[in-house]
Amino acid sequence: MQTNVITLMSSSVLLVSGMAMAGAADQVTLQIETVRAKPGDLVAVPISMETTELVGGFDFRLTAEGNDITQIGWDGPLFSNGWTGWDTLNADNSRSVSAACIFTEDQVDPGNHLLINAFVQIPQDAAPGSFVAIEATDTWFANYFFDIGEVIVIDGGIEVLRSADFNGNGIVGPEDLGMLLGFWGVGDETDLNGDQVVDGKDLTILLSLWGTPG
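Residues numbered from 1 in each chain as written. Predicted model: local features only at pLDDT ≥ 70, side-chain atom pairs only at ≥ 80, totals over all residues. Heavy atoms only, no water.

**Q** Would you take a moment to explain the overall build of the protein for this structure?
**A** What the protein contains, in helices and strands, is three helices and 12 strands. Per-residue burial for the protein yields a buried fraction of 36% across its 214 residues. The contacts of the protein with a sequence gap of at least 6 include a subset with a gap of at least 24, amounting to 70%. Only carbon and sulfur atoms are counted for the fraction: they give 57% of the accessible area of the protein, which is about 11,200 Å². (Helix = DSSP H or I, 4+ residues; strand = E, 2+ residues; numbered from the N terminus. Buried < 20%, exposed > 50% of the residue type's maximum accessible area, 1.4 Å probe, protein only. Contact = heavy atoms within 4.5 Å. Areas by Shrake-Rupley, 256 points an atom, 1.4 Å probe, with all protein chains shown as cover.)

Here is the structure:
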């Protein structure tokens, strides 16, 4: 009789352990990129997801330090096959983002893919050199069988820089480079990153914007 009780207890422990282990999805990573923008810009911030499983659904809340997240672009490969999600602007200017997929034909292989673009409005009076942190909270993820997995978030944001088109002709070129070199070593309107001195960091930024509107 005692042997039967022990056997029954052991079976119960195994059953409970099996139930606890079942229904657990793999860990996924949600990464918010860091991009550059000028005061007044509407900038797209890419957000990617890395997963080893097919996506059943996800949900998270994005904040941009009180700045307007004007819209969500469902631009990633997960949404190129017919399914999209939902997003809601909240009273605190955060935006709730969620999606669910029930059709395998709408899926792509697991991997590290662009998920969405979050469009953030940078105020006209934003200080060059400031940083707008973009964070994701209240995260939730389920695989295709709707087993719940852990979400690791890598926050990013927006570096606010002064325009490198110093002469206002619509393109960054030799004239702008000459103006920057003319104020080398001092703080001036050619101080692109707002650290109060014109140096190699500003030169690197200008060269990365060469031929663009700045």
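**Q** Explain unusual backbone geometry to me, please; I cannot follow it from the model alone.
**A** The phi torsion of most residues other than glycine is negative, and most of the peptide bonds are trans. Although it is not a glycine, asparagine 93 adopts a positive phi angle of roughly 70 degrees. Tracing the backbone through its elements, the reader meets asparagine 93 in the loop between β6 (86-89) and β7 (95-100). The partly exposed category is assigned to asparagine 93, whose relative accessible area is 24%. At glutamine 196, a residue that is not glycine, the phi angle is positive and equals roughly 75 degrees. Inspection of the secondary structure puts glutamine 196 in the loop between α2 (174-182) and α3 (200-208). Glutamine 196 gets classed as exposed once you look at its relative accessible area, which sits at 62%.

**Q** Would you explain the packing of α2 against α3 in this entry?
**A** Between α2 and α3, the shortest axis-to-axis distance is 11 Å and the interhelical angle comes to 175 degrees. Between α2 and α3, the angle is such that the two are roughly antiparallel. Note on element contacts: α3 touches α2 through Asp202, Leu203 and Leu206, opposite Asp176, Leu177 and Leu180. Across the contact of α2 with α3, the residue classes tally to four nonpolar, no polar and two charged. (Axes fitted to C-alpha atoms, helices over the stretch in contact; angles between N-to-C directions. Parallel < 35°, antiparallel > 145°, perpendicular 65-115°, else oblique. Nonpolar A, V, L, I, M, F, W, Y, C, P; charged D, E, K, R; others polar.)

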